[in-house]
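Architecture at a glance
The chain contents come next:
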2 protein chains.
Amino acid sequence: MQIAIVLFDRFTALDAVGPYEMLSRAPGAETVFVAESAGAVRNDSGGSLALVADRRLDDVPAPDLVIVPGGPGQSAQMDNETLLGWLRRVDATSTWTTSVCTGSLLLAAAGLLTGRRATSHWLALDTLKTYGAEPTGERVVTDGKYVTAAGVSAGIDMGLTLLGRIAGDEHAQAVQLLAEYDPQPPYDAGSPEKAPAAMVEQWRARSRFILE
Amino acid sequence: MQIAIVLFDRFTALDAVGPYEMLSRAPGAETVFVAESAGAVRNDSGGSLALVADRRLDDVPAPDLVIVPGGPGQSAQMDNETLLGWLRRVDATSTWTTSVCTGSLLLAAAGLLTGRRATSHWLALDTLKTYGAEPTGERVVTDGKYVTAAGVSAGIDMGLTLLGRIAGDEHAQAVQLLAEYDPQPPYDAGSPEKAPAAMVEQWRARSRFILE
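Residues numbered from 1 in each chain as written. Chains lettered and ligands numbered in written order. Predicted model: local features only at pLDDT ≥ 70, side-chain atom pairs only at ≥ 80, totals over all residues. Heavy atoms only, no water.

In this structure, Leu-51, Trp-86 and Leu-87 of chain A together with Leu-51, Trp-86 and Leu-87 of chain B are the most contacted members of the largest nonpolar core, which totals 134 residues. For Trp-86 of chain B, the residues in contact, after removing those within four places along its chain, are Ala-4, Val-6, Val-34, Leu-57, Val-60, Pro-63, Val-66 and Glu-81 of chain B. (Core = buried A, V, L, I, M, F, W, Y, C linked by side-chain atoms within 4.5 Å. Buried < 20%, exposed > 50% of the residue type's maximum accessible area, 1.4 Å probe, protein only. Contact = heavy atoms within 4.5 Å.)

What follows concerns the sheet that holds strand 7 (residues 96–100) of chain B. Residue and element names in this part refer to chain B. Within the open sheet, the seven strands sit side by side as 5-2-1-6-7-11-10. Their pairing is mixed. If you trace the sheet from one side to the other, it starts and ends with strand 5 (55–56) and strand 10 (140–143), each paired once. Strands in contact with helix 2 (residues 81–91) are strand 1 (2–6), strand 2 (30–35), strand 6 (65–68), strand 7 and strand 11 (146–149); relative to strand 6, the strand with the most contacts, it is inclined by about 150°. Together, strand 6, strand 7, strand 10 and strand 11 form the strand contacts of helix 5 (residues 154–167), whose direction differs from that of strand 7 by roughly 160°. (Pairing = 2+ DSSP bridges. Helix = DSSP H or I, 4+ residues; strand = E, 2+ residues; numbered from the N terminus. Axes fitted to C-alpha atoms, helices over the stretch in contact; angles between N-to-C directions.)

Turning to the relation of the copies chain A and chain B, a few remarks are in order. For these two chains of identical sequence, chain A goes onto chain B by a turn of 180° and a shift of 0.0 Å along the axis, with RMSD 0.0 Å. On the angle and the small slide along the axis, the relation comes out as a two-fold axis. When C-alpha distances to the rotation axis are compared across chain A, the minimum falls at Leu-51 of chain A, with a value of 2.3 Å. When the interface residues of chain A are mapped onto chain B, 100% of them again lie at the interface, so the same face is used by both copies. (Least-squares fit on C-alpha atoms with pLDDT ≥ 70 in both.)

For the rest of this paragraph, the subject is the interface of chain A and chain B. Each partner contributes to the interface: chain A provides 64 residues, whereas chain B provides 64 residues. Of the roughly 5500 Å² buried between chain A and chain B, counting both surfaces, carbon and sulfur atoms make up 59%. Inspection of the chain A/chain B interface yields six salt bridges. Residue classes in the side of chain A that touches chain B are distributed as 34 nonpolar, 17 polar and 13 charged. (Buried area = accessible area lost by both parts, 1.4 Å probe. Salt bridge = Lys/Arg side-chain N within 4 Å of Asp/Glu carboxyl O. Nonpolar A, V, L, I, M, F, W, Y, C, P; charged D, E, K, R; others polar.)

Let us now look at helix 1 (residues 13–23) of chain B. The buried count for helix 1 of chain B comes to eleven of eleven residues, which makes it a mostly enclosed element. Taken together, the buried positions of helix 1 of chain B are Ala-13, Leu-14, Asp-15, Ala-16, Val-17, Gly-18, Pro-19, Tyr-20, Glu-21, Met-22 and Leu-23 of chain B.

Let us look at unusual backbone geometry. Despite not being glycine, Arg-10 of chain B shows a phi value in the positive range, around 65°. With respect to the helices and strands, Arg-10 of chain B occurs in the loop between strand 1 and helix 1.

This brings us to the sheet that holds strand 11 (residues 146–149) of chain A. Backbone-to-backbone hydrogen bonds join strands into a sheet, with any given pair of strands oriented parallel or antiparallel. Residues and elements named next belong to chain A. Taken together, the seven strands give an open sheet; going across it, the order is 5-2-1-6-7-11-10, and neighbouring strands pair in mixed fashion. Of all the strands in the sheet, the pair left with one neighbour each is strand 5 (55–56) and strand 10 (140–143). Direction of pairing for strand 7 (residues 96–100) relative to strand 11: parallel, over a ladder of four bridges. Paired with Thr-97 across the strands is Tyr-146, a residue of strand 11. Taken strand by strand, helix 2 (residues 81–91) contacts strand 1 (2–6), strand 2 (30–35), strand 6 (65–68), strand 7 and strand 11, and its axis lies near 150° from that of strand 6. On the sheet, helix 5 (residues 154–167) packs against strand 6, strand 7, strand 10 and strand 11 and is oriented at approximately 160° with respect to strand 7.

Residue and element names in this part refer to chain B. Two numbers describe how helix 1 lies on helix 5: the axes approach to 7 Å, and their chain directions differ by 25°. Classed by the angle they form, the pair helix 1 and helix 5 counts as roughly parallel. For the pair helix 1 and helix 5, the crossing hand works out as right-handed. Residues Gly-18, Pro-19, Met-22 and Leu-23 of helix 1 lie in contact with helix 5, whose contacting residues are Gly-155, Ile-156, Met-158, Gly-159, Leu-160, Leu-162, Leu-163 and Ile-166. Residue composition of the contact of helix 1 with helix 5, grouped by class: nine nonpolar, three polar and no charged. (Parallel < 35°, antiparallel > 145°, perpendicular 65-115°, else oblique. Left-handed = near helix turned anticlockwise from the far one by under 90°.)

In structure tokens:
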């Protein structure tokens, strides 16, 4: 099973590494980071983190599983036909096509989520709808072979959920145990329903700035 | 505030990226990935992931916050005096010295955790004790300026906890909200207390293989 994780300038690192850490542990998985050009790809936090894309998009024509992360740099890719065309081509033969955070906007822009239940970062759900998907409030949404996760850290839950589908519950539980994924956040502010209302409204007002 | 995240061959990616994603969002933070040599550093999963170390250890002599991840490659560093000596020197002036997973074994090997309460990956707690620390079963342990996290994903909780100490509760909650860190694992097998007993015993029996 070949897993391709897409990188682009100003992606969010945890969007990519969360599901990577779960799914790369699937039996027989070959995981490759891909980008338009091979080499270091810088993230959204001042570019202080770089992951290496070992392969170009064109070098990976038929992955079994595609993971598209999000991040502020997603907006610059929404009309990048090189990337969107690749997404359409690999989706034609993929077993699973997935995203984390605003990565779902790229899948939607490629036309792959039209009429499908899907999710995205909570600040991007309205935008996701304008691209033809049917947003839900769930953290991980599965519609056929399309699996989309909410913002950033939701990719870990998506990865573990999908690992269970691919490799079985017992294997997924072993990966959870070895990653000691028994989360204990020190605050309970991880969703717009749980965070202080004023904070949520403040970020909603700034969301255009964040997402573009 | 300068944050240095240490990389070494066969580190575990989420150990480094989890706390990075929280702490790099501290106001005024400059985050640098450091390694013995600058350049791409490959991880523990067949080297399919590489993070770029932009600076050599010697180029970062006085970070305010040090983060040491773990991973199977940690065992090869336990007598690496270049790394251990750097850890001792930067610890002399750091505000916070931290680790995730088996990264605490490196701090302990450098003599920094002697007599201190600390934690590590659940499979490494006995080894941590042989290096003079006092292991606890908590997910995030703070003893003075030393903050250690349990296995892999615990680094996210460590990062968010420390972000609250550094930047205040409200800032940390905003980072949690934007990272949508409202975990919903599909299984409840993330600790040795919660996973199936037979699975835990199986991995304990194999732990020497995993950790070395």
